[in-house]
Amino acid sequence: GLRVRLYGSLSATGQGHGTDRALLAGLMGYEPTSCPPALLNDLLRLPSKRRVLRLKGKKLSLSPDCIEYGPVQHGFPYSNTLIIDLLDAPFPPSCGEAEEKKARPAACNAQGDGRQAGIDPYAGSILFSREYYSTGGGFLRWQGQQEEERGHPAHPYASMKELLLRLEERGLPLEDLLLENEAAITGASHSSITQQLDALLDLMEDTVQRGCRESGALPGTLGLARKAGVLFRRAPSLGSFDRKLCLLNAYAFAAAEENAAGNIIVTAPTCGAAGVVPAAALFLREHLHLNRKAQRKGLLAAAATGFIAKENAGIAGAELGCQGEIGVASAMAAAMLAEARGYAPEIVSNAAEIALEHHLGLTCDPVGGYVQIPCIERNAVGAVKAYNAALIACNENPAAHLVGYDQVLRAMAEIGRDMSHKYKETSTGGLAVCMVAC
């Protein structure tokens, strides 16, 4: 048999976030970039149907019953932890058979007293086990993992201050420095990197356009209606300023709703914050009338902004609350908007700082464990904040800007450490409990 154990916020909100369906799809051999959304919806609608994992000539039965939900608070290195066990016994146990009950009385209640006391009835049946950690933004690690051998960056930096210093030392545009680093680390050619950037931008735009066409209620028990299409259709009737702002909101809603529906999105930097950067990317083309080259430059600046955040604070809601997801996404989008419009690196940094500063302390409290309320609307607000942050940074006196991006990241990390686990993607505090989901 095969058993998957979830811990931390994966356990608390895994069903609402689609973790259970994603696990089954992955074990069935599907890749995230090509997994049909209909399959995930099928796994949701037909939870009792058994699938098969083929393993060296053997077939192991797969179903949501293979997944156990462990404690939210635990001693693993990362909040989002899962353990996959290969067992020499059937799992889940066939509790309906009297003989099986006699053979494994504790196993028939995997969530019961034995487990709460720290006793694993299957400890003696584990043939192989691996501990995995989700560190945010689609980045995964496992216990004992060896670091992949990669090249060294041509222009190393570990903070925004160091990035600005490298740019000044080398006399390079931000775009060129980031492309040279990417080529040095991955070995990819500049043309290949450009193609990959274009593929990401195409996926973002496709996600937004698809989301704007869809209607009806999102999956799950909340019955939340999609709003992107309504905003998109009503925007043309508004005045010029309101029309553009309404469309920016619609774009962010669209991508966030596609995420909530289990469809293909780009983590930017995470799934829950996947609407902010795509909204900014499409806004650049549709309303600021900038070309694909400008979009690529903006995406590179967004990536650098996100990676600096990940390395110096974090991007996972389970570690930092929503300040680490929507906050960082807004900072990335603000940097994107400033860089794409040709502003100096210092101003790009200031735009990112303003956007992130005004998300500090934001909790992650999804109602019912679904990435819907307040997550979807927060994407739209984060996109608007990004635009406003870029607007301020591009029109203020840079010499009068006192707060740096690195300082705000330190503040975010400190706030995240002090924040109660109730407000870090566990659905045990904040709006998640103040709004009763019937």
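Everything numeric in this text was worked out from a predicted model, so none of it was measured. (Residues numbered from 1 in each chain as written. Predicted model: local features only at pLDDT ≥ 70, side-chain atom pairs only at ≥ 80, totals over all residues. Heavy atoms only, no water.)

**Some words on the packing of helix α11 (residues 276-286) against helix α14 (residues 326-340)**
- For the pair α11 and α14, the least separation of the axes is 8 Å and the interaxial angle reads 20°. The orientation of α11 relative to α14 falls into the category roughly parallel. The two elements α11 and α14 cross, and the hand of that crossing is right-handed. Touching Val276, Val277, Ala280, Ala281 and Leu284 of α11 are Ile326, Ala329, Ser330, Met332, Ala333, Met336, Leu337 and Ala340, all from α14.
- Residues that form the contact of α11 with α14 fall into these classes: 12 nonpolar, 1 polar and no charged. (Axes fitted to C-alpha atoms, helices over the stretch in contact; angles between N-to-C directions. Helix = DSSP H or I, 4+ residues; strand = E, 2+ residues; numbered from the N terminus. Parallel < 35°, antiparallel > 145°, perpendicular 65-115°, else oblique. Left-handed = near helix turned anticlockwise from the far one by under 90°. Contact = heavy atoms within 4.5 Å. Nonpolar A, V, L, I, M, F, W, Y, C, P; charged D, E, K, R; others polar.)

**Overview of helix α7 (residues 174-186)**
- Under the 1.5 Å per step criterion, the end-to-end length of α7 is 18 Å for 13 residues, consistent within 8% with the ideal 18 Å.
- Along α7, the positions that sit buried rather than exposed are Leu174, Glu175, Leu177, Leu178, Leu179, Asn181 and Ala183.
- The inward-facing, buried residues of α7 contact α6 (160-170), α8 (190-213), α12 (292-312) and α14. (Expected span 1.5 Å × (residues − 1). Buried < 20%, exposed > 50% of the residue type's maximum accessible area, 1.4 Å probe, protein only.)

**Regarding unusual backbone geometry**
- With an omega dihedral of 0°, the bond running from Phe91 to Pro92 counts as a cis peptide bond.
- Between Ala268 and Pro269 the backbone carries a cis peptide bond, its omega angle lying at 5°.
- The residue Pro269 is located in the loop between α10 (240-260) and α11 in this model.
- With a phi angle near 70°, Glu425 is a residue other than glycine that sits in the positive phi range.
- Assessed through its relative accessible area of 9%, Glu425 is described here as buried.
- One non-glycine residue, Ser427, lies in positive phi territory at about 60°.
- Among the secondary structure elements, Ser427 is positioned in the loop between α17 (405-418) and α18 (431-434).

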